[in-house]
Structure formats: structure tokens, C-alpha cells
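Chain by chain, the residues run as shown.
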Amino acid sequence: MPANIASHPRLWLGIIFLISALWTLSLLDTAGKLLGMAGYHVVMIAWMRYTINTVFMAATLMPLYKRRHGRSILHSTRPRLQVLRALALLLSTLVFFSVLKIVPLAEGTAMNFCAPLIVLAVSPWLLGETTYISRWIAVGVGFAGMLIVIRPGGDIPAHGVVLGLLSAATYATVSILNRKANQADDPMVTLFYGGLVGMVISSLMVPFFWSPHTPDATEWMILASTGITSTIGHFFMNSAYRHAEASVLTPFAYSQIISASAMGWLVFNQFPDAITILGIAIICASGMGIAYVEHRRAHPLRAMADAAKTAA
């Protein structure tokens, strides 16, 4: 166990929040896949997810933010960036739910985990960050793992592969815009804008994609659960990053593949085969490896102290 984690209870709290968030968001993905397989259009699913999410935040987050900061949660120093980020998030949701209609949960999640590697690849140009050879090695290894997962000509249909790659690219775009938006505004502002813009745009779209049949009680519960799990999952996620640094939490983020595999097996009787597990393991190893390198690069004095303790 790393000493810096063992000696800081708040780090453990951050890790617990993160893992709770990932399992909750896997429930959201499971609901989206169930509804997609039942014939509901992804726009209708996204509309329900964003509407319930926004109504819940308006009732709870908005007055809390007003009391703490003395201004509206809609006050932003860069409103255009917030709207752009929210549009990218809505597109990412629609594409990922489309992926889950045709790709097993674990494989779809694994392809989406290539998004952080895409961010690493483009960060020197879009974020002005210094590039390192270690980052390019991580990107190359991660994409090799993804090729093993999708196995061109394998069980995943070609349009599923294309949608999976598009999903990773859109999620990478959201991640980049997240960094910029959270530098400009409080993360709660970013969270609310994401829900509000998603609700407004999907409300304009949903009449054209409404399901031809009336949902039964079970389907209404699953539809409603998308908004609830989204709200709880992102609340846990924000709480995690308030208690621990991103470089500490990143390796644990890959545990979502475990939750996705578990839900895929329990709900859909789908479990990755040995070759797919190998590809997933390579993607996870690449992400965790570069997270460790980046953490040591960001905290050189702590790394030297840990090395001295180990030597002693």
C-alpha cells in the first residue's frame, strides 16, 4: 500500500467516493443498454436522464450554491465554453448509448477508456502541456490494447467499432473542455450547465424520436433511474476529486471495467472472452502506468522521499 495513501484518510475517502461513482454510473450504462435493446431511441433515454438530473440539481444544488457563494449557479465567467462543453457532453451521451445498443457493456466501456489516452496525445497542442516520450508510449500501448478488444473482423460489428471510436473521441473532447471549464468556474457550475443544456436540447429533439408505445411501469422506473444514477454518480465523482488528487485516483478509475463486466454478466449474460480480457488489461495497465509516472513527475520531492524510505 503506498505510504501517501495509507497515511491520509481523506485519500481513502476520495477512493471510496470514486469507486462508488463508477459502480453507480455502470448502473446508468446498464439502464441505457436495457432501454436501447427494448427499442427506445437514445435521444429519448438521454432526455429522461438530463431532465431528471437537472430538476434534482435545481431543487438541491442551486439553492445550496446560492447560499455558499451569494450568486446564481448560472453565473459563469465563460458561458460560451460552458455551453460548448455541455453540447459535447450530450453528444458523448448519445454516441455512448448508441454503442451500448450493439456492443457488450464491458467492451463498450473499455473502448471509452481510450479517451484519456487521446487527451494525452492531443494535450501538447490543445492544452499547451509539455509532451513526454512516456505519454506517447502509453498512448501506443493503450491503442494496441483497444485493437485487441475490437479485433477487426471479430464479434463486434464494424459499425459498433466505428461508434466506439467516435465515443472515445467525443468523451476525450468532453475531458479537454472539462479542464478548461473547471479552470474558469466552480465545478458545480460546470455540472449544472451540463444538465441544463442537455435537458433543453434533448427536449427539442425528443418529439421526433419518441417511442411508439407507452412504457410500462418497469420501463418507466428504468427511464427514471437514468436521471437518479446520473445525479448520484456525478455527485460521488465530484466528491472524490475534492478529497484526492486526480493522479492518485486515476488508477482506480479503471475499476469501472470490473463493474461493467459484472453488470454485463448479471443482467445480459455477457462476459468478455480471454482475448478481450487481455486487451482490457493492456488498456488498464497503460492508463495506470502513465498515471503513476505523471504523479511522480508532479511530486518529485515526494517521490525522492518515498525512494529514501524504501532504501532505508
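Attention in this report is confined to the structure presented alongside it. (Residues numbered from 1 in each chain as written. Predicted model: local features only at pLDDT ≥ 70, side-chain atom pairs only at ≥ 80, totals over all residues. Heavy atoms only, no water.)

Here we look at the overall build of the protein chain
In terms of regular secondary structure, the protein chain is built from 14 helices and 0 strands. Its helices and strands in sequence order give the protein chain the pattern α-α-α-α-α-α-α-α-α-α-α-α-α-α, from N to C terminus. Going through the 312 residues of the protein chain one by one, you find that 48% of them count as buried. Of the contacts made within the protein chain by residues no fewer than 6 positions apart, 86% connect residues no fewer than 24 positions apart. A total accessible area of about 15000 Å² is found for the protein chain, and carbon and sulfur atoms account for 71% of it. (Helix = DSSP H or I, 4+ residues; strand = E, 2+ residues; numbered from the N terminus. Buried < 20%, exposed > 50% of the residue type's maximum accessible area, 1.4 Å probe, protein only. Contact = heavy atoms within 4.5 Å. Areas by Shrake-Rupley, 256 points an atom, 1.4 Å probe, with all protein chains shown as cover.)

A closer look at the side chain of Ser-76
With respect to the helices and strands, the residue Ser-76 is situated in the loop between helix 3 (42-69) and helix 4 (79-102). Ser-76 sits in the buried class, given a relative accessible area of 11%. A polar contact of 3.0 Å, which involves the side chain of Ser-76, links it to the backbone nitrogen of Arg-78. In terms of polar contacts, Ser-76 uses its side chain to reach the side chain of Asp-185, at 2.5 Å. (Polar contact = N/O pair within 3.5 Å; in protein donor to acceptor, adjacent residues only side chain to side chain.)

Remarks on helix 3
A maximum bend of about 45° is found in helix 3 at Ala-58. Following helix 3 by one or two positions, Gly-70 has its phi on the positive side, about 75°. (Bend = angle between axes of the 7 residues up to and from the residue.)

Describing the packing of helix 4 against helix 5 (residues 105-112)
At a minimum axis separation of 8 Å, helix 4 and helix 5 run at an interaxial angle of 145°. Two packed elements cross with a definite hand, and for helix 4 against helix 5 that hand is right-handed. Contact with helix 4, carried on its side by Phe-96, Val-99 and Leu-100, involves Leu-105, Gly-108, Thr-109, Met-111 and Asn-112 of helix 5 and no other residues of that element. Class assignment for the residues of the contact of helix 4 with helix 5 results in 5 nonpolar, 3 polar and no charged. (Axes fitted to C-alpha atoms, helices over the stretch in contact; angles between N-to-C directions. Left-handed = near helix turned anticlockwise from the far one by under 90°. Nonpolar A, V, L, I, M, F, W, Y, C, P; charged D, E, K, R; others polar.)

Some remarks on a nonpolar patch on the surface
Together, Leu-34, Trp-265, Leu-266, Val-267, Phe-271 and Ile-277 make up a nonpolar patch on the protein surface, roughly 600 Å² of accessible area in all. In terms of residue count, the dominant contributor to the nonpolar patch is helix 12 (residues 256-268) (3 residues). Position of Trp-265 relative to the elements: it lies in helix 12. Overall, the relative accessible area of 48% leaves Trp-265 in the partly exposed class. (Patch = residues over 30% accessible without salt bridge, like charges linked within 9 Å, V, L, I, M, F, W, Y side chains within 5 Å. Salt bridge = Lys/Arg side-chain N within 4 Å of Asp/Glu carboxyl O.)

A look at the environment of Leu-249
Along the chain, Leu-249 falls in helix 11 (residues 246-253). Considering only alpha carbons, one finds Leu-249 and Ile-19, 230 residues apart in sequence, at a separation of 9.5 Å. With residues near it in sequence (within four places) discarded, Leu-249 still touches Gly-14, Ile-15, Leu-18, Ala-240, Tyr-241 and Ala-244.

Quick word on unusual backbone geometry
Phi at Asn-269 takes a positive value of approximately 55°, unusual for a residue other than glycine. Along the chain, Asn-269 turns up in the loop between helix 12 and helix 13 (274-298). By relative accessible area, which is 66% here, Asn-269 ends up exposed.

Considering the packing of aromatic side chains
Counting across every chain of the model gives 3 aromatic pairs. Seen from their ring centres, Phe-17 and Phe-236 are 5.8 Å apart, and the 40° between their planes marks the pair as tilted. Residue Phe-17 is found in helix 2 (residues 9-37), and its partner Phe-236 is found in helix 10 (residues 217-243); the two are separated by 219 residues along the sequence. You can call Phe-236 partly exposed: its relative accessible area is 23%. Here Trp-47 and Trp-210 contribute two aromatic rings whose centre-to-centre distance is 5.5 Å and whose plane-to-plane angle is 70°, an arrangement assigned as edge-to-face. In this pair, Trp-47 sits in helix 3 while Trp-210 sits in the loop between helix 9 (187-205) and helix 10, placing the two residues 163 residues apart along the sequence. Residue Trp-210 is classed as partly exposed on the basis of its relative accessible area, which comes to 39%. Within the aromatic cluster, the residues linked to one another by ring pairs are Phe-17, Phe-235 and Phe-236. Positioned above the aromatic ring of Phe-268, the side-chain terminus of Lys-33 is 5.4 Å from the ring centre. (Phe/Tyr/Trp six-rings, centres within 6.5 Å; stacked < 30°, edge-to-face > 60°. Lys NZ or Arg CZ within 6 Å of the ring centre and 35° of its normal.)

Here's the deal with the nonpolar core
Ranked by size, the top nonpolar core spans 40 residues in total, and within it Leu-18, Tyr-50, Leu-94, Phe-97, Met-237 and Leu-249 carry the most contacts. Of all elements in the fold, only helix 2, helix 3, helix 4, helix 8 (158-184), helix 10, helix 11 and helix 12 reach the threshold of two or more residues within this core. For this core, the leading source of residues is helix 2, giving 9 residues. Other than its neighbours up to four places away in sequence, Met-237 contacts Leu-18, Ala-21, Leu-22 and Leu-25. One finds Ala-115, Val-119, Ile-156 and Ile-176 within the second-largest nonpolar core, a separate group that totals 22 residues. (Core = buried A, V, L, I, M, F, W, Y, C linked by side-chain atoms within 4.5 Å.)

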